[in-house]
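Notes for the structure review
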Amino acid sequence: QVPLVESGGGLVQTGGSLRLSCAASGPTFSTYNMGWFRQAPGKEREFVAGIAWAGGSMYYADSVKGRFTISRDNAIITVYLQMNNLKPEDTAVYYCAADPTRIMVMDYWGQGTQVTVSS
């Protein structure tokens, strides 16, 4: 069973918005930090945003600050990534991730969802 399942990717025009969702299976993840990473073709996977389970502190890559918002609903163990003012350089496979202690490096991964921003 895949522990993290993403949804919400798709094709959008420059300046558009998308909201990604990630549902975690199992109560363990309710106390895990969760986050989003992305990998564009020919590039390494990079951190996008993270949210701590305790206190809900949020962290963002400089490239998405002011445009992306991460949030979580611990009652249903789901994390969201609201992406606004999308740019072609945001095109990538977006991965949901979780970790018991870390934010920018995580151990548990979803299978990814494609986001394509057309110019």
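Further up the page is the structure itself.
Note that the structure is a prediction, hence the values are computed from the model and not measured.

Notes on the overall build of the protein
Looking only at helices and strands, one finds zero helices and eleven strands in the protein. In terms of overall dimensions, the protein is globule-like: its C-alpha atoms have a radius of gyration of 13 Å, near the 14 Å expected for 119 residues. Projected onto its principal axes, the C-alpha coordinates of the protein cover approximately 40 × 30 × 25 Å. The 119 residues of the protein split such that 43% are buried.

Notes on the pattern of salt bridges
All chains considered together, the criterion is met by six salt bridges. Across the salt bridge formed by Lys65 and Asp62, the nearest N and O atoms sit 3.1 Å from each other. Classification of Asp62 as exposed rests on a relative accessible area of 65%. One salt-bridge network, held together by shared partners, links Arg38, Glu46, Arg67 and Asp90.

Observations concerning the sheet that holds strand E7 (residues 68–73)
One open sheet holds the four strands; their spatial order is E1-E3-E8-E7, and the pairing between them is antiparallel. Two strands close off the open sheet at either side, each with one partner strand: strand E1 (4–7) and E7. Neighbour to neighbour, the strand axes of the sheet diverge by 15 degrees on average, direction disregarded. Judged from the six bridges that link them, E7 and strand E8 (residues 78–83) form a sheet pairing that is antiparallel. Counted as the bridge partner of Asp73 is Thr78 from E8.

Looking at the environment of Ser30
Positionally, Ser30 belongs in the loop between strand E3 (18–24) and strand E4 (33–39). With 39 residues separating them along the chain, Ser30 and Thr69 place their C-alpha atoms 19 Å apart. What Ser30 contacts, discounting residues up to four positions off in sequence, is Trp53, Arg72, Asn74 and Ile77.

As for the nonpolar core
Met34, Trp36, Leu81, Met83 and Tyr94 are the most contacted members of the largest nonpolar core, which has 29 residues in total. Mapped onto this core, the elements with two or more residues apiece are E3, E4, strand E5 (46–51), E7, E8, strand E9 (92–99) and strand E11 (113–118). Those residues in contact with Tyr94 that sit more than four places away from it in its chain are Glu6, Leu20, Trp36, Phe37, Arg38, Val48, Phe68, Leu81, Met83, Gly112, Thr113 and Val115. In this structure, Phe37, Phe47, Ala52 and Met106 belong to the second largest nonpolar core, which totals six residues.

About the thresholds
- Residues numbered from 1 in each chain as written.
- Predicted model: local features only at pLDDT ≥ 70, side-chain atom pairs only at ≥ 80, totals over all residues.
- Heavy atoms only, no water.
- Helix = DSSP H or I, 4+ residues; strand = E, 2+ residues; numbered from the N terminus.
- Rg over C-alpha atoms; globule rule 2.2 N^0.38 Å.
- Buried < 20%, exposed > 50% of the residue type's maximum accessible area, 1.4 Å probe, protein only.
- Salt bridge = Lys/Arg side-chain N within 4 Å of Asp/Glu carboxyl O.
- Pairing = 2+ DSSP bridges.
- Axes fitted to C-alpha atoms, helices over the stretch in contact; angles between N-to-C directions.
- Contact = heavy atoms within 4.5 Å.
- Core = buried A, V, L, I, M, F, W, Y, C linked by side-chain atoms within 4.5 Å.

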